[in-house]
Amino acid sequence: NVDARHVACWVQGMYDPNTGNRLLMVPADEIASVRLGNQNAGSQAERITYEFNVQDDLVLLMKYAVVLENPGHGEAYDPYFGLEILKEDGTPISQYACGEAFFSPSKDPEEWKTYSPSLGVKFVWKDWTTIAINLGKYHGKSLKIRLTTLDCSLGGHYGYAYFTLGCNDGKIKGLSCAGDSETIFEGPEGFNYRWYRVRDNKTVCKT
């Protein structure tokens, strides 16, 4: 339903038509996603807030994909999608915990793909991306995840986003077999890593 503002997507293998049928509406490794926002302009806004208790050393994983009409008005007016993590009282968690992110076509344009189904109509879209936030320091506390979509503030263009939420223990795992000269390490997805090893009393870094 293109008019509905909050939609659960369950069907695997369906593609979003506003991306030229290149964006899966549900990631291949997930059972469902939520679409926040619709295909109606008029300066609409949508929001979902999830409340949860942080148990153990939790790493929050969010996968998101965004589809926006691109009017080219500039960041202050374009449609956008935002993520915020809040304390129980509604105030943001520490700015140093990477507790918020906002995505618009005017920011990091190289990360967006374009689709123009007809003359004068242009969409920009961001393929499924995973971000991870370590919430271990908030063990035992209640937090809120707030997701927001906004249409073009001038009223003529719309935007919406798909997302999934999950978590893991945030531990790095090592894989090796007896006799192997190498060990493979796997870290949780959603982070940028810099690996270090010592060789000939020198530290070697590989990002």
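Above this text sits the structure in question.
In this text the structure is predicted, and so the values were computed from the model without any measurement.

A. Layout of the packing of aromatic side chains. Across all of its chains, the model carries six aromatic pairs by this definition. Aromatic side chains Y50 and F163 sit 6.3 Å apart centroid to centroid with 80° between the ring planes, which places their arrangement in the edge-to-face category. Taken as a pair, Y50 in strand β5 (residues 45-53) and F163 in strand β12 (residues 159-168) lie far apart in primary sequence, 113 residues in all. Overall, F163 belongs to the buried group, its relative accessible area being 2%. Taken together, a centroid distance of 6.4 Å and an interplanar angle of 45° make the contact between W128 and Y162 tilted. One end of the pair, W128, is in strand β10 (residues 121-134); the other, Y162, is in strand β12, and 34 residues separate them in sequence. Each member of the pair, W128 as well as Y162, carries the same accessibility label: buried. An aromatic cluster is built from F123, W128, Y158, Y160 and Y162, whose rings are joined through pairwise contacts. The ring centre of Y160 lies 5.9 Å from the NZ or CZ of R35, which sits over that ring.

B. Representation of the pattern of salt bridges. Counted under the stated rule, the structure contains five salt bridges. The partner of E46 in a salt bridge is R5, with the nearest N and O atoms 3.0 Å apart. Of the two residues, E46 sits in strand β5 while R5 sits in the segment before β1 (6-9), which places them 41 residues apart along the sequence. The exposure class of E46 is buried, given its relative accessible area of 3%. The shortest N-O distance in the salt bridge between K63 and E30 comes to 3.1 Å. Linking K63 in strand β6 (residues 59-69) with E30 in the loop between β3 (23-24) and β4 (33-36), this pair joins segments that are 33 residues apart in sequence. By relative accessible area, which is 9% here, K63 ends up buried. The structure contains a network of salt bridges with shared partners spanning D29, E30 and K63.

C. Examining unusual backbone geometry more closely. Phi is positive for N21, close to 60°, though the residue is something other than glycine. Topologically, N21 is positioned in the loop between β2 (15-16) and β3. Note on N21: relative accessible area 47%, which makes it partly exposed. If you check the backbone angles, S43 has positive phi at about 60° while not being a glycine. Classification of S43 by relative accessible area gives partly exposed; the value is 38%.

D. Quick look at the sheet that holds strand β9 (residues 113-118). Pairing is antiparallel across the open sheet formed by six strands, whose spatial order is β1-β4-β12-β6-β10-β9. Edge positions in the sheet fall to β1 and β9, since each has one partner strand and no second. Strand after strand, the sheet turns through a mean of 20° between neighbouring axes, direction not considered. Bridging between β6 and β12 involves 10 bridges; their strand directions are antiparallel. Considered in β12, the bridge of L60 is made with C167.

Quick notes on the rules
All residue numbers refer to positions counted from 1 along the written sequence of the respective chain. Selection of residues for local features in this predicted model requires a pLDDT of at least 70, selection of side-chain atom pairs for listing and counting requires 80 or more, and totals for whole chains, interfaces and linings are taken over all residues. For side-chain calculations, the full set of non-hydrogen atoms in the structure is used, while hydrogens and water are omitted. Each Phe, Tyr or Trp ring, with Trp reduced to its six-membered ring, pairs with another whose centre is within 6.5 Å; inter-plane angles below 30 degrees give stacked pairs, above 60 give edge-to-face pairs, and intermediate values give tilted ones. Counting from the N terminus, the helices are the DSSP runs of H or I reaching at least four residues and the strands are the DSSP runs of E reaching at least two. Classification of residues uses two cut-offs on accessible area relative to the type maximum, computed with a 1.4 Å probe and protein chains only: under 20% is buried, over 50% is exposed, and between them is partly exposed. Geometrically, a lysine NZ or arginine CZ counts as sitting over a ring once it is within 6 Å of the ring centre and also within 35 degrees of the ring normal. Basic side-chain nitrogens of Lys or Arg form a salt bridge, by our definition, when they fall within 4 Å of a carboxyl oxygen of Asp or Glu. In this scheme, strands are said to pair when DSSP sees at least two bridges between them. Geometry is summarised by axes, namely lines fitted to C-alpha atoms with helices restricted to the contacting stretch, and by angles between N-to-C directions that run from 0 to 180 degrees.

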